[in-house]
Amino acid sequence: MLDLSVAQLFADPPSHLGKMVRLKGWVRTRRDSKAGISFIHLSDGSCFDSAQVVVANTVSNYASEIQKLTASCAVIAEGEIVASQGKGQSVEMIATSVEVVGWVEDPDTYPISPKAHSFEYLREVAHLRPRTNTFGAIGRVRHCLAMAVHRFFSERGFCWIHTPIVTGSDCEGAGQMFRVSTLDLANLPRTPEGKVDFSQDFFGKETHLTVSGQLNVETWCMALSKVYTFGPTFRAENSNTSRHLSEFWMIEPEIAFASLIEDAQLAEDLLKYMFKALLNERPSDMKFFADRIDKECITRLERLVDSPFERMDYTAGIRHLEAAIAKGHKFEYPVSWGTDLQSEHERYLTEQLVGRPVILMNYPKDIKAFYMRMNDDGKTVAAMDILAPGIGEIVGGSQREERLDMLDKRIDEMKLDRAAYWWYRDLRRYGTVPHAGFGLGFERTLIYATGMTNVRDVIPFARTPKSCDF
RNA sequence: UCCCUCGUAGCUCAAUGGUAGAGCGGGCGGCUGUUAACCGCCAGGUUACUGGUUCGAGUCCAGUCGGGGGAGCCA
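No experiment lies behind these values; they were computed from the predicted model shown.

A. Highlighting the packing of aromatic side chains. With the rule as written, the count across this model stands at 20 aromatic pairs. Taking 4.8 Å as the distance between ring centres and 55° as the angle between the ring planes, the aromatic pair formed by F153 and F158 counts as tilted. The burial state of F153 is the same as that of F158; both residues are buried. Between F275 and Y448, the ring centres sit 5.7 Å apart and the planes meet at 40°, which makes this aromatic pair tilted. Here the residue F275 occupies a position in helix α5 (residues 260-281), and Y448 occupies one in helix α12 (residues 442-450), the gap between them amounting to 173 residues. Among the aromatic residues, those joined into a cluster by ring pairs are F152, F153, F158, W160, Y228 and Y273. Across from the ring centre of Y448, 5.0 Å away, lies the NZ or CZ of R300, which sits over that ring.

B. Representation of empty space enclosed by the protein within the structure. This model, assessed by the stated rule, comprises one cavity of 30 Å³ or more. Within this model, the largest cavity holds a volume of roughly 30 Å³. Lining the largest cavity are L271, F275, L304, P357, I386, A388, I394 and Y448. Those elements giving two or more residues to the lining of the largest cavity turn out to be α5 and β15 (380-388). When its residues are assigned to classes, the lining of the largest cavity shows eight nonpolar, no polar and no charged.

C. Region of the structure containing the protein's contact with RNA strand B. Close contacts around RNA strand B come from 53 residues, with D32, K115, R123, Q342 and R444 the closest. The sugar-phosphate backbone supplies 48% of the atoms of RNA strand B found within 4 Å of the protein. Residue D32 places a main-chain N or O atom 2.4 Å away from a base oxygen belonging to RNA strand B. Contact distances for RNA strand B include 3.2 Å between a phosphate oxygen and a side-chain N or O atom of N454. Of the residues contributing to the surface near RNA strand B, the split by class is 14 nonpolar, 22 polar and 17 charged.

D. Quick peek at the packing of helix α4 (residues 214-224) against helix α11 (residues 422-429). Packing of α4 against α11 brings their axes to within 10 Å, and their N-to-C directions diverge by 30°. Our classification of the angle between α4 and α11 gives roughly parallel. Read as a crossing pair, α4 and α11 show a hand that is left-handed. When α4 is examined against α11, the residues Q214, L215, N216, E218, T219 and M222 are found in contact with a partner set consisting of W423, Y424, L427 and R428. Its residues assigned to classes, the contact of α4 with α11 shows five nonpolar, three polar and two charged.

E. Molecular detail of the sheet that holds strand β14 (residues 358-364). The strand order β7-β11-β12-β17-β16-β15-β14-β13 describes an open sheet built from eight strands, whose pairing is mixed. Strands with a single pairing partner mark the edges of an open sheet, and in this sheet they are β7 (159-160) and β13 (310-313). Bridge count for strand β16 (residues 392-399) against strand β17 (residues 435-441) is five bridges, and the pairing is antiparallel. For G396, the partnering residue across the bridge sits in β17 and is G439. Sitting on the sheet, α5 touches β12 (247-256), β13, β14, β15, β16 and β17, and the angle it makes with β17 is about 30°.

F. Summary view of the sheet that holds strand β9 (residues 179-180). In space, the three strands of this open sheet follow the order β8-β10-β9, with antiparallel pairing throughout. Two strands close off the open sheet at either side, each with one partner strand: β8 (166-167) and β9. Pairing geometry for β8 and strand β10 (residues 207-209), over two bridges, is antiparallel. Each residue of the ladder has a partner; that of V166, found in β10, is L209.

G. Broad picture of the layout of surface pockets. For the second largest pocket, the calculated volume is near 1000 Å³. If you trace the second largest pocket, you find 40 residues lining it, with R28, R131, T132, N133 and T134 closest to the centre. Breaking the lining of the second largest pocket down by element, the ones donating at least two residues are β2 (20-33), β3 (37-43), β4 (51-56), α2 (119-124), α3 (133-155) and α6 (283-293). By residue class, the composition of the lining of the second largest pocket is 16 nonpolar, 17 polar and seven charged.

What counts and how
Once a new chain begins, its residue numbering starts again from 1 and follows that chain's sequence as written. Note on labels: chains are lettered from A, ligands numbered from 1, in written order. Where local features are concerned, this predicted model is filtered to residues with pLDDT of at least 70; where side-chain atom pairs are given and counted, the filter is 80 or more; whole-chain, interface and lining totals use all residues. Remark: hydrogens and water are excluded; side-chain values derive from all non-hydrogen atoms of the structure. In this analysis, rings of Phe, Tyr and Trp, with Trp reduced to its six-membered ring, are considered paired at centre separations within 6.5 Å, and the interplanar angle assigns stacked below 30 degrees, edge-to-face beyond 60, and tilted for intermediate values. Burial here depends on accessible area, computed with a 1.4 Å probe over protein chains only, as a share of the maximum for the residue type. Under 20% is buried, over 50% is exposed, and the range in between is partly exposed. The numbering of helices and of strands both runs from the N terminus, where a helix is a DSSP run of H or I of at least 4 residues and a strand a run of E of at least 2. Throughout this description, the term charge over a ring refers to an Arg CZ or Lys NZ atom that lies within 6 Å of the ring centre and within 35 degrees of the ring normal. With a 1 Å grid spanning the protein atoms alone, the term cavity applies to any set of points in which a 1.4 Å probe fits but cannot get out, the term pocket to an open set with protein on both sides within 12 Å along at least five of seven lines, and the term lining residue to any residue with an atom within 4 Å of a point. Grid points are joined across faces, edges and corners, and a volume is the space filled by probe spheres set on the points. Here the nonpolar group is Ala, Val, Leu, Ile, Met, Phe, Trp, Tyr, Cys and Pro; Asp, Glu, Lys and Arg are the charged ones; every other residue, Gly included, is treated as polar. Summary of the distance rule: residues count as near a molecule or strand when at least one heavy atom falls within 4 Å of that molecule or strand. We define a polar contact as two N or O atoms separated by no more than 3.5 Å, with the added condition that, inside protein, one atom must be a possible hydrogen donor and the other a possible acceptor, whereas residues neighbouring each other in sequence contribute only through side-chain atom pairs. Every axis in this analysis is a line fitted to C-alpha atoms, fitted for helices over the stretch in contact. Angles between the N-to-C directions lie between 0 and 180 degrees. Any angle between 65 and 115 degrees counts as roughly perpendicular, while under 35 counts as roughly parallel, over 145 as roughly antiparallel, and the rest as oblique. Take the far helix as your reference; a near helix turned counterclockwise from it by less than a right angle gives a left-handed crossing, and one turned clockwise gives a right-handed crossing. In this analysis, two residues are considered to be in contact whenever any of their non-hydrogen atoms come within 4.5 Å of each other. Here a strand pair is declared whenever DSSP counts at least two bridges between the two strands.

Laid out in structure tokens, this is it:
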């Protein structure tokens, strides 16, 4: 008896005709024919489609068990693969036995019915939502894209660097951090000055969850040349939007002997590689997203893969926005050189002006981070954001300031503490080279690819302000 | 954190300040090589919570909690 996944069955249906096989999975639907036949749709998550198992009343447990099967009962079915007499599937199993491994104890209260549920509701039953069509597809697409990321970098000679999750540096920059501590909150040790005595904490100092692997991965870039991180990242911001999670996954490559030009090209190549892999490897999942979630999602990816990204200087972007205003376009917020773009401005550029992702480059120094490389004009830094229609910023990156004197100047201007960055500054003292990198938000990439509208629905278990169930 | 909005059966949603309903799902029965099957019957409710106005509140008011959308922050 051959154990088969549903994916294996449908990968080459003719090759299984006439064979006795075993399928294991969960019941999606059961339809009875009182002529003495039941049809079970069996899903094992290995692919989008479920397999039809035909069970005749000659099977010993037909009346006692088969006819009592409801959605999500776990079963092991054995039988012969035959050409289907019905429509909707090429082959099916004629079962010789169906063993019920796990019952649904009260079908009346089973939270997932074969009908449409709202995504908001399904978040409340996140432990069961993987059993739905949408979240099964999300799980497979997420895996496919993650593997594509690793393949892309590995094929190009990058090393995956496991940067730390717990960080002792309070200088990572972006955003509020989660504290990591084993101190007794009800009985905090104090210094003579009355402050919390972190020297008694687990690591002997204040520690937090990382908000970015970038500073750490730069150190390995200065030795292995081409490196990347891919792991979870934590932000304690009180952000309540469809694009923010408190715990999310980010891909951060860093390349030595490279400028912003190569950095932008790397980001474009990565996104195209990921989406090409998705279209090739998960066609039936993508067809589902196109049918039920966003009918544009496949054509959007095909168009992206086939055409070069638009590249535009921040300064040119401002001119385009001013031209739009002159032609009568109304924005809620004013546009002027030197200010950060509002969501509505980014939307206009990527959705209306270009209609594709836009790489916006060379931003004013005052709205960007201290480590970004100063351009020769003294006003802008070699930063880039990739803006995607419907999402906004999907990539944020820059060429890094490799000149110690320039870096120190920026640290001072921003009133940061040089000493806190001692090891980061060391990289500029010992064999510094021009280098660049970026961060790609994995969940934002997923919503762009699938047409899902909320990052909470493309991660298995969402962590957001006031919400950390499961 | 700010603005807007929503919270009714397991789920999706109705209900002018006046007896809380439908579809799906579930149970039972009928019918059929079925495909989100179909037909009939039955069960299923502290209307998020607390307080208030009123003869009477799912409905109006206040507060709390939670969800969603948008903004800010960012990926």
